Amino acid sequence: GDLEGALALECHVQSQRRSSLRQHVVIGESLPFRIARHYALLGERDAAERWLAFARKRRNFLQPHSGDVVEAMLRAREGRFGDAVAIYERIWTQLENGTTADSMKAHRLIHALCLAGLRRDDKKVEQLVAGALPFGYEVVAVVAQWPELRAFLHERAPGEPLPDA
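Report on the accompanying structure.

Some points on the overall build of the chain
Broken down by element type, the chain carries 10 helices and 0 strands. When the 165 residues of the chain are sorted by exposure, 47% land in the buried category. Taking all contacts inside the chain whose residues are at least 6 apart in sequence as the whole, residues at least 24 apart take part in 57%.

Describing helix 8 (residues 122-130)
Looking at helix 8, one finds that the buried residues are Val125, Leu128 and Val129. The buried residues of helix 8 all sit within an arc of 100 degrees when viewed along its axis, so they share a single face.

Quick notes on helix 4 (residues 45-57)
For helix 4, with 13 residues, the first-to-last C-alpha span of 18 Å sits near the 18 Å given by 1.5 Å per residue. When helix 4 is considered as a whole, its buried residues turn out to be Ala47, Ala48, Leu52 and Ala55. The buried side chains of helix 4 occupy one side of the element, clustering within an arc of 130 degrees when seen end-on. Among the exposed residues of helix 4, those oriented more than 90 degrees off its buried face are Asp46, Arg50 and Lys57.

So, the side chain of arginine 75
Mapped onto the elements, arginine 75 comes out in helix 5 (residues 66-77). Excluding residues within four positions of it along the chain, arginine 75 makes contact with Glu49, Arg80, Phe81, Asp83, Ala84 and Ile87.

Brief notes about the nonpolar core
Note on soluble globular proteins: their nonpolar side chains tend to be buried together. Counting 48 residues, the largest nonpolar core has Ile110, Phe135, Val142, Leu149, Phe152 and Leu153 as its most contacted members. Elements with a minimum of two residues in this core: helix 3 (25-41), helix 4, helix 5, helix 6 (81-98), helix 7 (101-117), helix 8, helix 9 (137-144) and helix 10 (147-156). Among the elements that line this core, the one with the most residues is helix 7, at 9 residues.

Let's talk about the pattern of salt bridges
Here the structure, examined in full by the defined rule, presents 16 salt bridges. Between glutamate 138 and arginine 37 there is a salt bridge, and its shortest N-O distance comes to 1.9 Å. Of this pair, glutamate 138 sits in helix 9 while arginine 37 sits in helix 3, and the two are 101 residues apart along the sequence. With respect to burial, glutamate 138 and arginine 37 carry one shared label: buried. Between aspartate 68 and arginine 56 there is a salt bridge, with its nearest N and O atoms 3.2 Å apart. Here the residue aspartate 68 occupies a position in helix 5, and arginine 56 occupies one in helix 4, the gap between them amounting to 12 residues. On the basis of relative accessibility, which here comes to 14%, the residue aspartate 68 falls in the buried class. Classification of arginine 56 as partly exposed rests on a relative accessible area of 40%. Via salt bridges that share partners, Arg45, Asp46, Glu49, Arg56, Asp68, Glu71, Arg75, Glu78, Arg80, Asp83 and Arg90 belong to a single interconnected network.

Thresholds, definitions, all that
- Residues numbered from 1 in each chain as written.
- Predicted model: local features only at pLDDT ≥ 70, side-chain atom pairs only at ≥ 80, totals over all residues.
- Heavy atoms only, no water.
- Helix = DSSP H or I, 4+ residues; strand = E, 2+ residues; numbered from the N terminus.
- Buried < 20%, exposed > 50% of the residue type's maximum accessible area, 1.4 Å probe, protein only.
- Contact = heavy atoms within 4.5 Å.
- Arc of directions from axis to C-beta.
- Expected span 1.5 Å × (residues − 1).
- Core = buried A, V, L, I, M, F, W, Y, C linked by side-chain atoms within 4.5 Å.
- Salt bridge = Lys/Arg side-chain N within 4 Å of Asp/Glu carboxyl O.

What follows is the structure, given as C-alpha cells:
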C-alpha cells in the first residue's frame, strides 16, 4: 500500500554497504529490481529505468524475469502496449510458476490493459480481467498511482473496489 515508504526503506537498505540484509543473496539480488518496480509503479520512469539498468548489470539467478516484469510495467505506462505484451507473452509461464497468486492478478490486469490498448483479442482481455477477481492487495498497490489502469478497471470490473484517485 505505501509505495513511497517501501521505496524509502528499500533505498536505505541498498545504500548500506555492510548491511547483513543487503548481503543476504535473495535480498541483494532482488532489491534493485524491487526499487525499479516501485519507481515504475509511482510513474517515475527515469528513476525506474536507471534502477533497472543497474539491476540488470548484476546477475540474477533467483528470478531471471524480474527485470522483464519491471520493463513490461514501464512500457505499459508509456503506452507502448505492443512491447509490454511481447514481454508478457515471453515470460508468462515463468510468472505463473514463480509469482504469488496476488501478484499474478496484477500482471493479468496490466496484460489486459495492453491488449485492450492494442484493440486485440477482447475475449482474452475479458478472461484476464476475470482471472484477476477479486482484486487483492497487489492490484490495489499497482492501481494506486496508475490512473489509466484504474480507469480501465472501473470500466471492465465496475463492481470491484479500488483505491480513490
